[in-house]
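Letter by letter, the chains look like this.
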Amino acid sequence: MSRKASENVEYTLRSLSSLMGERRRKQQEPDAASAAGECSLLAAAESSTSLQSAGAGGGGVGDLERAARRQFQQDETPAFVYVVAVFSALGGFLFGYDTGVVSGAMLLLKRQLSLDALWQELLVSSTVGAAAVSALAGGALNGVFGRRAAILLASALFTAGSAVLAAANNKETLLAGRLVVGLGIGIASMTVPVYIAEVSPPNLRGRLVTINTLFITGGQFFASVVDGAFSYLQKDGWRYMLGLAAIPAVIQFFGFLFLPESPRWLIQKGQTQKARRILSQMRGNQTIDEEYDSIKNNIEEEEKEVGSAGPVICRMLSYPPTRRALIVGCGLQMFQQLSGINTIMYYSATILQMSGVEDDRLAIWLASVTAFTNFIFTLVGVWLVEKVGRRKLTFGSLAGTTVALIILALGFVLSAQVSPRITFKPIAPSGQNATCTRYSYCNECMLDPDCGFCYKMNKSTVIDSSCVPVNKASTNEAAWGRCENETKFKTEDIFWAYNFCPTPYSWTALLGLILYLVFFAPGMGPMPWTVNSEIYPLWARSTGNACSSGINWIFNVLVSLTFLHTAEYLTYYGAFFLYAGFAAVGLLFIYGCLPETKGKKLEEIESLFDNRLCTCGTSDSDEGRYIEYIRVKGSNYHLSDNDASDVE
Ligand SMILES: O[C@H]1[C@H](O)[C@@H](O)[C@H](O)[C@@H](O)[C@H]1O
């Protein structure tokens, strides 16, 4: 095509795109498919009439299509956006690493510092508690100082906390270090998804924000490997485990000294020149005028509509669209935790032991297989999020998770039904606890955290079984009796089961565990974070994310801290049935309340919450329609079938 002809095509497309843009603005309809700085020309694929008429004025549809396709191939998202996303997601890695590493570190710490149960619980949950507080406070921090400053602060806290932990000489210092790290986790968990969402182009936003969760699960997996490797270093192994987090934290800190602030936040603060510069850096060869204008207009309109007086949370609650978005965001985070992910993560070693793995070390290594499954299937989520969209992915994931929880619970029911009888009741030495010897079946004994099951095997039958107190310093052996000395009883063909019962049905628990992660990881793991980064308008984004992340952390503590007690009262299968029940309620919630945000500009998403909640399930209007877009980005034309979310 000659230069002149191509200019003609360009001109026609530009005028058509702005005409369409105008018309839409007049109709005040959300332009869902247009990417940042773009207008979309929509045409149902079956009838390419609009395309033809568009082409007619500028050299024919053939030329037009060819030009558009050529430009599409040239028009790439600059690598800079990926660099920014990966550096930010280091915050996710640290979140995963620091929450994951503590279980392995605790095995060594409790011996070296003689920690009692209270201190162990304090060291684990103080971090999650501090994360809840700082996630809630992070909203104000983000709003006032910006996303970049918040991320810098989080990485400084991670670095300082890790250094304190590595050098700690007593439990009080350890507690201080864990609190500092927790403060970093909370801030990172609420800021990073927001920052990535704000710098990403709409067609990649879901994928890039989901990468943050990939880094969280990657951090958890890495932590489990580090735990396994350093568990051989009985003295001071925990210092390496806890201190290693300083490395990615320092990298992130220095990286962010050179990375830019979110252009959306800058526009909100009136720093428009800087915002334009950063936006064009992020969009490469695409023009940014329309994206810039739409962000700016949006801020002005929002101010008119909602005003700027009073605390943001009050304005959010009194303005119906943001109130609904907040309910959806917090609900998603709550159901993520109520479906028991962290019970599964923290107790996977125990669940694996129940399925027949008797060796402690092997169980720790197998727990890293669990963490790896979580990680790999989060990758599947990264791939699926822009293909099937948030709504279907979340719903499908939670449906599978519910089934897996039921299988897991049934596994425990079967195990409990064939639970071995206790046939031998040893007399407790004087002054020793004798409570455990009162139980009649292994599953009662197993649910008491102070007791363990000591037995022999005759072929595949359990014989000479007793329930005796566990050695508080090492759950690998009993406090007294035949199972008192691990090295000795192993040579005498005597077995010790703490927290599990030998049963032929334990494989169902393993099956349930794997199925759980396969379903949970692609959707329910990442989507609550991804959706929350998108559903609030700019003025409410930090506060909305602060609240929902706070809810995530609060329910995280509640569920993981109560698991053992819940299991004691309801038995293991009762606990898993309970989570399955929560997950089922979550399914109804998602079906009724979660709208599809795929492909929409952040500025358009607010309108999805204009209607009453629980009407989203009825408005899946894109179903079964194939839509083709020609995008016009300044001088670049796209033919893309990716963003099938806007229907006119
Ligand atoms: O999205 C993450 C992820 O699924 C993690 O594996 C889990 O430990 C977190 O609690 C959750 O927020």
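Structural data are supplied above this passage.
All of the points below concern the structure found in this document. Fair warning: this is a prediction, and the values are worked out from it, not measured in the lab.

Criteria and thresholds
- Residues numbered from 1 in each chain as written.
- Predicted model: local features only at pLDDT ≥ 70, side-chain atom pairs only at ≥ 80, totals over all residues.
- Heavy atoms only, no water.
- Disulfide = S-S within 2.5 Å.
- Helix = DSSP H or I, 4+ residues; strand = E, 2+ residues; numbered from the N terminus.
- Buried < 20%, exposed > 50% of the residue type's maximum accessible area, 1.4 Å probe, protein only.
- Pairing = 2+ DSSP bridges.
- Axes fitted to C-alpha atoms, helices over the stretch in contact; angles between N-to-C directions.
- Expected span 1.5 Å × (residues − 1).
- Bend = angle between axes of the 7 residues up to and from the residue.
- Near = heavy atom within 4 Å.
- Polar contact = N/O pair within 3.5 Å; in protein donor to acceptor, adjacent residues only side chain to side chain.
- Areas by Shrake-Rupley, 256 points an atom, 1.4 Å probe, with all protein chains shown as cover.
- Parallel < 35°, antiparallel > 145°, perpendicular 65-115°, else oblique.
- Left-handed = near helix turned anticlockwise from the far one by under 90°.
- Contact = heavy atoms within 4.5 Å.
- Salt bridge = Lys/Arg side-chain N within 4 Å of Asp/Glu carboxyl O.

Attention now goes to the state of the cysteines. Overall, the coordinates contain 4 disulfides when judged by the stated rule. The residue that forms a disulfide with C436 is C451, at a sulfur-sulfur distance of 2.1 Å. Sign of the S-S torsion, about -80 degrees for the bond between C436 and C451, identifies this disulfide as left-handed. Of the two residues, C436 is situated in the loop between α19 (390-417) and α20 (442-447) and C451 in strand β2 (residues 451-458); the sequence distance between them amounts to 15 residues. Neither residue differs from the other here; C436 and C451 are each classed as buried.

Another aspect to go through is the sheet that holds strand β3 (residues 461-469). Spatially, the 3 strands line up as an open sheet ordered β3-β2-β4, and their pairing is antiparallel. Because the sheet does not close on itself, it has two edges, and the strands there are β3 and β4 (494-497). Taking each pair of neighbouring strands and ignoring which way they run, the sheet shows an average axis angle of 25 degrees.

What follows concerns helix α5 (residues 117-145). Across its 29 residues, α5 extends 40 Å between first and last C-alpha, which sits within 8% of the 42 Å expected from 1.5 Å per residue. The largest bend in α5 amounts to roughly 35 degrees and is located at A137. The positive-phi residue at the C-terminal boundary of α5 is G146, with phi of around 100 degrees.

Glancing now at the site of the ligand. T213, T217, Q220, Q336, Q337, N342, N374, F520, G525, W529, N552 and N556 make up every residue found near the ligand. Contact between the ligand and N374: an oxygen atom at 3.0 Å from a side-chain N or O atom of the residue. Within the backbone of G525, one N or O atom sits 2.8 Å away from an oxygen atom of the ligand. Protein contacts shield 99% of the accessible area of the ligand, which totals 300 Å² for the unbound molecule. Contributing elements (two or more residues each) for the shell around the ligand: α8 (202-230), α15 (320-338) and α24 (538-593). Element by element, the count of residues in the shell around the ligand is highest for α8, at 3 residues.

Right, let's get into the packing of helix α7 (residues 171-199) against α24. It is the contact of α7 with α24, at a shortest axis distance of 9 Å, that shows an interaxial angle of 140 degrees. The orientation of α7 relative to α24 falls into the category oblique. When you trace α7 past α24, the crossing you get is right-handed. Contact residues: α7 offers I185, G186, S189, M190, V194 and E198, while α24 offers L538, R541, S542, N545, A546, S549 and W553.

Time to look at the environment of V199. By secondary structure assignment, the location of V199 is in helix α7. Residues V199 and F520 lie 321 residues apart in sequence; the distance between their C-alpha atoms is 27 Å. V199 has contacts with V81, V84, S262, P263, M282 and R283, leaving out every residue within four places of it along the chain.

Attention now moves to the pattern of salt bridges. This structure, assessed with the given rule, holds 15 salt bridges. Measuring nitrogen to oxygen at the nearest pair gives 3.5 Å for the salt bridge that ties D236 to K235. When salt bridges that share partners are traced, they join R205, E386, R390 and E534 into one network.

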